[in-house]
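What follows is each chain in one-letter form.
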Amino acid sequence: MPGLLRGVARTAVVAGTATAVSNRVSRRQQGRWAAQQPHAYEAPAPQPASYAEPAAAPAAAPPVPDMTDKIEQLKQLGDLKAQGVLTEAEFQEQKRRVLEA
């Protein structure tokens, strides 16, 4: 029974950490996108019919991965491993996922 509880607790901690990290990343991305396009929802000013068609807007550059997020995730994983919540194999797998993202 203690092994089962430990497994459930480990799963809850890992899932909670993953959810918190995912939510934080989503909020940061939304903030960056809002900063890149501050006037995206304003109505364009009316133009006289004699103007030519407007030029296409340049494509937005893909967001640059922020290494501080990855470093923070790796620190959290290291803490979980040090507390004995993650095994070495689980730690290596989660670390690989963070570094590939």
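Below, the structure is looked at part by part.

### Examining the overall build of the protein chain
Counting its regular elements, the protein chain contains three helices and zero strands. Each helix (α) and strand (β) of the protein chain, taken in turn from the N terminus, gives the series α-α-α. For the protein chain, buried positions account for 11% of its 101 residues. By sequence separation, contacts in the protein chain at least 24 residues apart represent 74% of the contacts at least 6 residues apart. For the protein chain, the exposed area adds up to about 8,100 Å²; of that, 61% sits on carbon and sulfur atoms.

### Some words on helix α2 (residues 67-82)
Its 16 residues give α2 an end-to-end C-alpha distance of 22 Å, which sits within 8% of 22 Å, the value for a rise of 1.5 Å per residue. Just downstream of α2 lies G84, where phi reads positive at about 85°.

### Considerations on the pattern of salt bridges
Taken as a whole and assessed by the stated rule, the structure comprises five salt bridges. For E88, the salt bridge is made with K81, and the minimal N-O distance between the two is 2.7 Å. Owing to a relative accessible area of 32%, K81 belongs among the partly exposed residues under this scheme. Between R97 and E93 there is a salt bridge; the shortest N-O distance is 3.1 Å. One end of the pair, R97, and the other, E93, are both in helix α3 (residues 88-100), four residues apart, so they sit about a helical turn from each other.

### What about the packing of α2 against α3?
One can describe the packing of α2 onto α3 by two numbers: an axis separation of 10 Å at closest approach and a directional angle of 175°. Considered as vectors, α2 and α3 are oriented roughly antiparallel to each other. Contacts between α2 and α3 involve K70, Q73, L74, L77, G78 and K81 from the former and E88, F91, Q94, K95, V98 and L99 from the latter.

### Observations regarding the side chain of K70
Within the secondary structure layout, K70 lies in helix α2. One buried charged residue, K70, forms no salt bridge at all, with the nearest opposite charge on D69 at 9.4 Å. When residues no more than four places from it in sequence are discounted, the contact partners of K70 are V98, L99 and A101.

### Regarding the nonpolar core
Membership of the largest hydrophobic core is limited to six residues, which are L77, L80, V85, L86, F91 and V98. Broken down by secondary-structure element, the contributors of at least two residues to this core are α2 and α3. Setting aside chain neighbours within four positions, we find L80 in contact with V13, T17, V85 and L86.

### Notes on the side chain of D69
Take D69: it is sitting in helix α2. Each residue touching D69, except ones within four places of it in the same chain, is listed here: R24, V25 and R28.

### As for the environment of D69
The exposure class assigned to D69 is buried, which follows from its relative accessible area of 11%. When the C-alpha atoms of D69 and R28 are compared, they prove to be 9.9 Å apart, with 41 residues separating the residues in sequence.

Calculation criteria
Residues numbered from 1 in each chain as written. Predicted model: local features only at pLDDT ≥ 70, side-chain atom pairs only at ≥ 80, totals over all residues. Heavy atoms only, no water. Helix = DSSP H or I, 4+ residues; strand = E, 2+ residues; numbered from the N terminus. Buried < 20%, exposed > 50% of the residue type's maximum accessible area, 1.4 Å probe, protein only. Contact = heavy atoms within 4.5 Å. Areas by Shrake-Rupley, 256 points an atom, 1.4 Å probe, with all protein chains shown as cover. Expected span 1.5 Å × (residues − 1). Salt bridge = Lys/Arg side-chain N within 4 Å of Asp/Glu carboxyl O. Axes fitted to C-alpha atoms, helices over the stretch in contact; angles between N-to-C directions. Parallel < 35°, antiparallel > 145°, perpendicular 65-115°, else oblique. Lys, Arg positive; Asp, Glu negative; His and termini not counted. Core = buried A, V, L, I, M, F, W, Y, C linked by side-chain atoms within 4.5 Å.

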